[in-house]
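# Topology and contacts: notes
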Amino acid sequence: MRKTWILALVCAAGLSGQSLRQLAEARSVKIGAAVNPMRLNEPAYAETLAREFSQAEPENAMKFGPIHPARDRYNWAPAEAVANFAREHNMALRGHTLVWHQQLAPWVTAGAPSPADLEKILGEHIAAVVGHFAGQVYAWDVVNEAIEKDGSPRKSPWSPVPDYIAKAFRMARAADPKAKLFYNDYDAEGIDAKSDAIYALVKDLKQRGVPIDGVGMQFHITAKPLDTESIAANMKRLTDLGLEVQITELDVRVPLDSSGRPGAADLEAQARVYGQVARTCLKFPRCTAIQTWGVTDKYSWVPGYFKGTGAALLFDREYSPKPAYEAMRATFGAR
Ligand code: G3I
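Here's a quick rundown of the structure. (Residues numbered from 1 in each chain as written. Predicted model: local features only at pLDDT ≥ 70, side-chain atom pairs only at ≥ 80, totals over all residues. Heavy atoms only, no water.)

### Side note on the overall build of the chain
Regarding its fold elements, the chain presents 13 helices and 10 strands. Each of the three principal axes of the chain carries a C-alpha extent, and together these read 55 × 45 × 40 Å. Split into buried and exposed, the 335 residues of the chain put 54% on the buried side. The contacts of the chain with a sequence gap of at least 6 include a subset with a gap of at least 24, amounting to 78%. When the accessible surface of the chain is totalled, it reaches about 13800 Å², and 55% of it is carbon and sulfur. Of the charged side chains in the chain, 40 are positive and 38 negative; the average position of the first set lies 3 Å away from that of the second. (Helix = DSSP H or I, 4+ residues; strand = E, 2+ residues; numbered from the N terminus. Buried < 20%, exposed > 50% of the residue type's maximum accessible area, 1.4 Å probe, protein only. Contact = heavy atoms within 4.5 Å. Areas by Shrake-Rupley, 256 points an atom, 1.4 Å probe, with all protein chains shown as cover. Lys, Arg positive; Asp, Glu negative; His and termini not counted. Charge placed at Lys NZ, Arg CZ, Asp CG, Glu CD.)

### Quick notes on the state of the cysteines
Tallying each qualifying case throughout the model produces 1 disulfide. Covalent S-S linkage joins Cys-281 and Cys-287, the inter-sulfur distance amounting to 2.1 Å. The S-S bond linking Cys-281 to Cys-287 shows a torsion near -105°; that makes this disulfide left-handed. As far as burial versus exposure is concerned, Cys-281 and Cys-287 are alike and both buried. (Disulfide = S-S within 2.5 Å.)

### Observations regarding the site of the ligand
Around the ligand lies a shell of 14 residues, among which Glu-59, Lys-63, His-96, Gln-102 and Glu-249 are the nearest. Take Gln-102: an N or O atom from its side chain is 2.5 Å from an oxygen atom of the ligand. In the environment of the ligand, an oxygen atom lies 2.9 Å from a nitrogen or oxygen atom belonging to the side chain of Trp-293. Within the complex, 47% of the 790 Å² of free accessible area of the ligand lies under protein. Looking at side-chain class alone, the shell around the ligand contains 3 nonpolar, 7 polar and 4 charged residues. (Near = heavy atom within 4 Å. Polar contact = N/O pair within 3.5 Å; in protein donor to acceptor, adjacent residues only side chain to side chain. Nonpolar A, V, L, I, M, F, W, Y, C, P; charged D, E, K, R; others polar.)

### Considering the side chain of Thr-292
The residue Thr-292 is located in strand E9 (residues 287-292) in this model. In this structure Thr-292 touches Gly-32, Ala-33, Ala-34, Phe-53, Leu-250, Tyr-274, Leu-313 and Leu-314, once residues within four positions along its chain are discounted.

### Examining the pairing of strand E3 (residues 92-99)
Working note: regular strand, side chains alternate between the two faces of the sheet. For E3, the buried fraction is high: 8 of the 8 residues fall into the buried class. Bridge count for strand E2 (residues 55-58) against E3 is 2 bridges, and the pairing is parallel. Its bridge partner being in E3, Gln-55 is matched across the sheet by Ala-92. Two strands pair when backbone bridges link them, and E3 and strand E4 (residues 137-144) are joined in this way by 5 bridges, in the parallel orientation. If you follow Gly-95 over to E4, its bridge partner there is Trp-140. (Pairing = 2+ DSSP bridges.)

See below:
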């Protein structure tokens, strides 16, 4: 029943040809959202997601801890709920993430595993999770946030496994030869020490024949105007390697007042930044997706982490489109 209703709304938006997903599809760019499966039964959440977004990615449900809570137990249902929603609404499904230092199941490190044990665990995990969603997930964040701000390798529970990054990519390719494989990181959008190190890493992987298809740029940013020249230079050097780039976790936080509301001027500044991001991506045919880290300000991770800020997404707490949404539509609609 609900599905019919959602489809009717999608069709209604289609008649006027104005949803963001439709405008972006015409420019060959996917518009994604991080999805919490617990919210899919909220009509406004589901309707906004289906109408405006052409790609879904579980915000947490495919991470190691949530999906693999015990060595012999996988918790597929929450991630499958997102996969099913994506299929029912003709959306691409993106997978996040196989190798990360956070949200790891405690059992992995509990028994002081040797490097060989860890490598075996990693192999089993990637084979099971990528294999389970083969044919559904079109692109995986294989390795997430493995580089520090200064460009040095991050110390991670996976670090004891020699060359763990290359191994993880090879394991993922073996489990689903058709899925695109991404390295994903934050605070490395423009040229700096961190993005230099990521560039060196992925260039080295390519040169060694390790299967990698793209780099995810997270884009958790503020509403300060972007240095788009620097971001474009970074996108250029990555795409010149033959890699795709995708904007994977976009949110643009602004200050909130004591009642938790953003100011009008800040929302306008935010809209300009969203427009800058979309225009920069559109310069590169290999920039293939722009994904926001959530559907609505109501459930964004931002206020819980960056205290006193929030309202970082395209739709407000009541699911009304914000100036940022109009800026995105105008950018994709402009020729
Ligand atoms: O599921 C448990 C629940 O059982 C428990 O009762 C509750 C109590 O706090 O916690 C719940 O888990 C939380 C989980 O989100 C699901 O809501 C974790 O505490 C919380 O730490 C976790 O935060 C997530 C964070 O990654 C973990 O570092 C955020 O939702 C998620 O938005 C965020 O996403 C990351 C990307 O994966 C990688 N890039 C950065 C981005 C933002 O941090």
